[in-house]
Structure formats: structure tokens, C-alpha cells
Protein chains: 2
Amino acid sequence: MNARTPRITVLAGGVGGSRFLVGMRETVRRRGIDRAQDHLVAIVNTGDDLWLSGIRLQPDIDSILYALAGVNDAERGWGRREETERVARELRSWGAGWPWFTLGDLDLGTHIARTGWLRDGLTPTQVVELLGRRWDLGVRMLPMTDTEVDTLVTVRDGDDVRQLHFQEWWTRHRAALTPLRFDNPGIDSALPAPGVTEAILDADVVVLAPSNPVVSIGPILAVPGMRTALQSTKARVVGVSPIIDGAVVRGMADICLEALGVATSADTVAALYGARERGGLLDAWLVAEEDRALVPAIREIGIRALVAPLWMHGGTASADVAEAALGASGFE
Amino acid sequence: MNARTPRITVLAGGVGGSRFLVGMRETVRRRGIDRAQDHLVAIVNTGDDLWLSGIRLQPDIDSILYALAGVNDAERGWGRREETERVARELRSWGAGWPWFTLGDLDLGTHIARTGWLRDGLTPTQVVELLGRRWDLGVRMLPMTDTEVDTLVTVRDGDDVRQLHFQEWWTRHRAALTPLRFDNPGIDSALPAPGVTEAILDADVVVLAPSNPVVSIGPILAVPGMRTALQSTKARVVGVSPIIDGAVVRGMADICLEALGVATSADTVAALYGARERGGLLDAWLVAEEDRALVPAIREIGIRALVAPLWMHGGTASADVAEAALGASGFE
């Protein structure tokens, strides 16, 4: 046990990552820390970033940004609150972009600012830093890499097998086409963004947020050097299960896991990440009360298993989950 | 005199060019021509096109596009009718773009579609052709060049002399800083866009629209090959004076002319373009009734001078001006 506020680094994707980070920020602030961002770093998935009609989109960066700023549309699960779609209607009339992919007007402000900064020569890391300055986020956000990485999905479509962009599969087809494989072409030559490796090595606690293990956490772990950093860090590495009682809390992780031949269960996802003491990533794994029966199986894998309420139905509940993750790491 | 519908090519800038083109389209349609675009080509100034926050803007192309489509804000003189500025407010909050340069939401739809097509590898000519497909414009629009050309203004600012982008001078400073010079760096290596030279050479009538002679018509004429084409064409070349009774109809042509040492008068602008028979560009020059007294001076330069009402206060008035221009060319 350690009474000082630990330095915490969270690997995170979109919605699950956002909620968890809001909770973790609360736990840091509860400890009387004003500048929570000095203690809390988010390494964010950029695998589903994309260029659309000349504009750069970063879905997970923006989900986390908006959630931390308190301007997100929590009900819909993505984008800004009080959003409108004037520009998107025009784009449809022009036949530009993807008609099934809605760009909100407020959201487009972010995309255009980002696009301008990138075209001016700023790196994605510098752009994310600039985006983070507008509000008091209390989290230092880092993209997992400054290299442009796509996520492609190979699907079965009737008798055909074809490959499509993750967003097309996710948003247009709502994951209805059976995925056979997920690929991040070029990721083998990607580099962790500046500060990412340090944030893992210098942390006291590293948390794998309850995000999609395949398409959110997966790409982060696929960046060369990331697994080595996680295995080398002196931090405790704790994961929070995105699966409760054999089902996804939100999103389509179940379908993604199936493509990997992994059952949708808190213990199988723990096994996917693996025990650090056996060459994997996790020191500890936090499962929901509903999954208490899985604790022995997880311990069997070599991972310390802890039980807590994992439903993040609001700021307090999210903070409780974050506290439990800190607890699992040995910090209170 | 010739009873068939002539092929007409108009060199045009923003507002003056738009109004004139709307009128010219009407004269073509009055002759029972459904596809006016087979008879009417606009070669449009792209000298004040710009990249802003990663987005490509083409102010004169859009002014003409919106006016021909009937979706322009005629009162304000630029942009779309029923425009809103949700995205622009966001961009200001992000500190992106130019706070003094408003991008309307509907207008941004155009900019983003264009940006996407350009990033996909289409040429500006192809992009303008795509933009023109949405409505029945009745005019074939061609950018003057596919080469990116800027317009820079050298101004006196107190005791300083400095250079700024045309849009900054025009929109931010409302031309309040005294211009000393206008430059289009790189224009010497620009090429006329595909179809431009042909549209001049194959026309029956070429019209210099009543646009700003310095910053709208000037850059078009500065594209290498343009003057030669105008001097070689078998067409009659007619200009319509943008100056009535010693004053600009709209805009800031007077300030621009002053930088060139040219007085704001219908005859001095005619002299600036010059008589084709003496190595200049004009066969004929249309002046307003208010400027009837200048006719002898213009004839003295070697240019046929004709008098007509030149106020384009609506579609009918614009069509009358266009008819007068056709009449000046020898077509009725």
C-alpha cells in the first residue's frame, strides 16, 4: 500500500475508455490533486482514425476528449451534445464522404482544426495536445502512435470474403457481416508516439481500460515496443474486464472476439492478454461481481483476480471502478 | 449581324461576374436554347483561392456557382442563403483558421467536398465540373488554371511596407491599408486549365465581365497564354465597364486601380485593357449611360465604345446588360 497519488497510465479506446478515464480522473482529484493531468496519462487507440473527404477523423481521441470535457452526447454514445448536421446534409447532396457516416457540425469543427494543424506540419501528438488545451481535461492524452494506421476487417459477405475499412464495417454494417480477421496494415513499422513508452515505463499503475480488446486495445498493443514496455515497466499492470456476465457492456466486442476464436467471457479475455509472470501483460484483472465464479480460472492463468461492481452508469460508479482498479494494483 | 446563338466565353470574377453570367444565361435561354452550357463558358479567376485550416476555398468559383444555382445570399454579396455558422464558432474556439474569415456551414459543405476530391487526386478543373453538376447552372465553369496561384498585396501600414494575403487585406482590413502592388507569385509558370484556351479561340464572343480589373480579371490575364489567346481568337472581344460615373458599382476596384496608377473611370479601365488593334485586348467596350461623354476618349484609344444601362439590379437588368454586350460584339 502506498498513500501518495500514483502516476497512472491508461490504455484506452472510445466509449469504455472515456467512462473509465472520467472515473479515474475523479479518483485523482479526490486525492486533492488539482492538475490531475500530471498523474494521469491516456494512451489512446488511433487504429480507426481515417481521412474522409480530405478531413482527418480520430474517433477514439474525440470520444475521450468530449467525455472528459463534459460535452459528449452520452445518450447516443458518440459525438457532441446538442449536435446538428447542416454540413453533413450538404456533403450528401454533393455525394462527398460516406452517406452513412454522419459528421456533426460541432464535431466537424474539431476535425477541421485538426486537419489544418496536421497540414501545417504538426504531428498527431502535437495536435492531440492542442485539442486537449481547450478544456481542463485533467488527463494527458497521447495517441498510441504518430504513424497513420488503418484497421481493416476481412468479412464473410454471403459466399464472398472481402476486406473493408473498420468504420464501414462498424458504422455502415453495424458489424452485421461476420468478421474473419482484423488487420492493421503497416503497424509493424509504426513507432510509439513520443512520451508513450515513458508513460508506461515511469508509471506506478498501468490500466487496460474496459475497451474493446480486439479493435481498441488490440491496435495499441500491436504498436512495436508496446508489449515490451508493458512487460518491462515497474508499474503494476491491471486490466478491467469489458465483459460482464458473458456479455459486452456496450459495443460489439463479442463479435470481434469471436473472429479471434475467443469466447465472450471475463476469463477468456484475461487469457487473451495473458499473465505478466508468464510472458503476457496482466498482473491483475478486475471482474464484475456477476463473474465472481470465474476468479479461480483467472488465478489459474497466473493473474491476480479481483471482484468489484463494474457498471459505469455515472461519474460516481466510474470512479468506484477506477478506485477498484487502483486497489487491484496495490495503491489505495 | 448573326441570327444563330453565338458561343460565348466570359472572363469573370466574383459578384460582378456572377450577375453578368446570370444575365448572359438568360439571353441564351431567350433564344430557345435548353442547354445554355453548350453556348456559355465562364473562365473564372482562381487567384484568391486559398488553403485555410486544411480546407480548399475558391471564393470566385463559389460566388458564381451559388449565383447561377440561385442559392446565393444576394443581400450579403457572398456565400449561401439561409446560412449558419456553427462550425465557424467552433473553429474560433479551437483557434483554428482566421477568426475574421467566416466559413458558413452550407458553404463548408462545398469546401469539404472540394477538399476531398482534390485530395483524391482530381484536378481543380474536374472538381469545378463536379461542383457544377449539382444544379442546372446553364454555364460551363472553368477555373482559369489548375495551378495553385495566390494573390499577395503589398501595403503601406503606417511607416511600414508589408505583404499580406489578398483575403487578409480584403476581408480582414476591408482594403483599408493602402495597396502598393498586387502579385501572383508563381503565375508565370501556371498553365491555362484544360479547355480554357479552346474556349477563347473557338468562341464567337469573348466578354470581359464587369469584375474587378485588377484582382479578378487581372490574374486571369496574367496566366501565360491567356493574352495570346485573346489576341488570336476570331471572336470579338467585348468588355463591360465595372466603373459607372467614376465609381465602382460594388467592391473595391477603385482602391485596386489606384495601386496601378489608374484612375477610376470607364475610359481609363478601357485603356488598361487596351485596344486589340493596337496590341491590347478589346474590340469593344460597353459603358454606362452616365459615361456617354467618355465615348470619344475610348474611341480615341482604338476601341469601339457603346452605351447601355449597366446597373444589374436583377435578372432582367442583368440580361439587358448581357444583350448589350452581345450587341456590341455584332451578335444580336
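Nothing here was measured: the structure is a model prediction, and the numbers come from that model. (Residues numbered from 1 in each chain as written. Chains lettered and ligands numbered in written order. Predicted model: local features only at pLDDT ≥ 70, side-chain atom pairs only at ≥ 80, totals over all residues. Heavy atoms only, no water.)

## Side note on the overall build of chain A
Looking only at helices and strands, chain A has 13 helices and 14 strands in total. The C-alpha radius of gyration computed for chain A amounts to 19 Å, which stays within 12% of the reference 20 Å derived for 332 residues, consistent with globular compactness. Over its C-alpha atoms, taken along the principal directions, chain A stretches across nearly 60 × 50 × 35 Å. Looking at chain A as a whole, 60% of its 332 residues qualify as buried. Expressed as a percentage of contacts within chain A between residues at least 6 apart in sequence, the contacts between residues at least 24 apart total 69%. Within the structure as shown, chain A displays about 12,900 Å² of accessible surface, and the carbon and sulfur contribution to it stands at 48%. Charge separation in chain A, taken as the distance between the mean sites of 34 positive and 43 negative side-chain charges, equals 3 Å. (Helix = DSSP H or I, 4+ residues; strand = E, 2+ residues; numbered from the N terminus. Rg over C-alpha atoms; globule rule 2.2 N^0.38 Å. Buried < 20%, exposed > 50% of the residue type's maximum accessible area, 1.4 Å probe, protein only. Contact = heavy atoms within 4.5 Å. Areas by Shrake-Rupley, 256 points an atom, 1.4 Å probe, with all protein chains shown as cover. Lys, Arg positive; Asp, Glu negative; His and termini not counted. Charge placed at Lys NZ, Arg CZ, Asp CG, Glu CD.)

## What to know about the relation of the copies chain A and chain B
When chain A is fitted to chain B, the best match, at an RMSD of 0.0 Å, comes from turning it 180° and sliding it 0.0 Å along the axis. Both copies of the chain, as the preceding transformation shows, are related through a two-fold rotation axis. The overlap is high: 100% of the interface residues of chain A also sit at the interface in chain B, so the same surface is used on both sides. (Least-squares fit on C-alpha atoms with pLDDT ≥ 70 in both.)

## With respect to the nonpolar core
Formed by 121 residues in total, the largest nonpolar core has its most connected members in A:Ile8, A:Val10, A:Phe20, A:Leu21, B:Val10, B:Phe20 and B:Leu21. Setting aside chain neighbours within four positions, we find A:Leu21 in contact with A:Val10, A:Ala12, A:Leu40, A:Ala42, A:Ile64, A:Leu68 and A:Val139. (Core = buried A, V, L, I, M, F, W, Y, C linked by side-chain atoms within 4.5 Å.)

## A closer look at the interface of chain A and chain B
Listed as interface residues are 29 residues of chain A and, on the opposing side, 29 residues of chain B. Here chain A meets chain B over a buried area of about 2,500 Å², counting both sides, of which 65% is carbon and sulfur. B:Arg134 is the partner of A:Glu90 in a salt bridge, and the nearest nitrogen-oxygen pair spans 2.8 Å. Taken together, the connections running from chain A to chain B amount to twelve residue pairs in polar contact (both at pLDDT 80 or more). Ranked by residues supplied to the side of chain A that touches chain B, first place goes to helix H4 (residues 105-119) of chain A with eleven residues. Per-class residue counts for the side of chain A that touches chain B are 13 nonpolar, eight polar and eight charged. (Buried area = accessible area lost by both parts, 1.4 Å probe. Salt bridge = Lys/Arg side-chain N within 4 Å of Asp/Glu carboxyl O. Polar contact = N/O pair within 3.5 Å; in protein donor to acceptor, adjacent residues only side chain to side chain. Nonpolar A, V, L, I, M, F, W, Y, C, P; charged D, E, K, R; others polar.)

## Observations regarding the packing of aromatic side chains
One pass over the structure, following the stated rule, counts 18 aromatic pairs over all chains. Relative to A:Trp100, the ring of A:Trp98 has its centre 4.5 Å away and its plane inclined at 15°; by these criteria the two rings are stacked. Judged by its relative accessible area of 24%, A:Trp98 falls in the partly exposed class. Ring centres of B:Trp98 and B:Phe101 lie 5.8 Å apart, and the angle between their planes is 80°; on these two criteria the pair is classed as edge-to-face. Assessed through its relative accessible area of 14%, B:Phe101 is described here as buried. Looking at A:Arg134, its charged tip hangs above the ring of B:Trp94, at a distance of 4.7 Å from the centre. Positioned over the ring face of B:Trp78 is B:Arg76, at 3.7 Å from the centre of the ring. (Phe/Tyr/Trp six-rings, centres within 6.5 Å; stacked < 30°, edge-to-face > 60°. Lys NZ or Arg CZ within 6 Å of the ring centre and 35° of its normal.)

## Structural notes on the pattern of salt bridges
Applying the stated rule across the entire model yields 38 salt bridges over all chains. Among the salt bridges present, the one from A:Glu323 reaches A:Arg31, with a minimum N-O distance of 3.2 Å. Of the two residues, A:Glu323 is situated in helix H13 (residues 315-329) and A:Arg31 in the loop between helix H1 (15-30) and strand E2 (40-44); the sequence distance between them amounts to 292 residues. What makes A:Glu323 partly exposed here is its relative accessible area of 23%. A relative accessible area of 24% places A:Arg31 in the partly exposed class. Residue B:Glu83 is joined to A:Arg86 by a salt bridge in which the shortest nitrogen-to-oxygen separation is 4.0 Å. Residue B:Glu83 is found in the loop between helix H2 (59-69) and helix H3 (86-94), and its partner A:Arg86 is found in helix H3 (residues 86-94); the two belong to separate chains. Overall, B:Glu83 belongs to the buried group, its relative accessible area being 18%. Residue classification places A:Arg86 among the partly exposed positions, given a relative accessible area of 21%.

## Some thoughts on helix H4 (residues 105-119) of chain B
All names here are of chain B. For H4, with 15 residues, the first-to-last C-alpha span of 21 Å sits near the 21 Å given by 1.5 Å per residue. The buried fraction of H4 amounts to 14 of the 15 residues, a majority that puts the element mostly inside the structure. Just past H4, the residue glycine 121 takes up positive phi, approximately 105°. (Expected span 1.5 Å × (residues − 1).)

## A few points about the environment of A:Gly280
All names here are of chain A. The residue glycine 280 is located in the loop between helix H11 (266-273) and strand E13 (284-288) in this model. Sequence separation between glycine 280 and isoleucine 303 is 23 residues; the distance between their C-alpha atoms is 9.7 Å. The contact partners of glycine 280, leaving out residues within four places of it in the chain, are Gln231, Tyr273, Gly274 and Ala275.

## A word on the environment of B:Lys234
Residues and elements named next belong to chain B. With respect to the helices and strands, lysine 234 occurs in the loop between helix H9 (226-232) and strand E10 (236-240). Taking the C-alpha atoms as reference points, lysine 234 and isoleucine 112, 122 residues apart in sequence, are found 40 Å from one another. Leave out the neighbours within four places in its chain, and lysine 234 touches Arg7, Leu201, Asp202, Ala203 and Asp204. Polar side-chain contacts of lysine 234 include one of 3.0 Å to the backbone oxygen of alanine 203.

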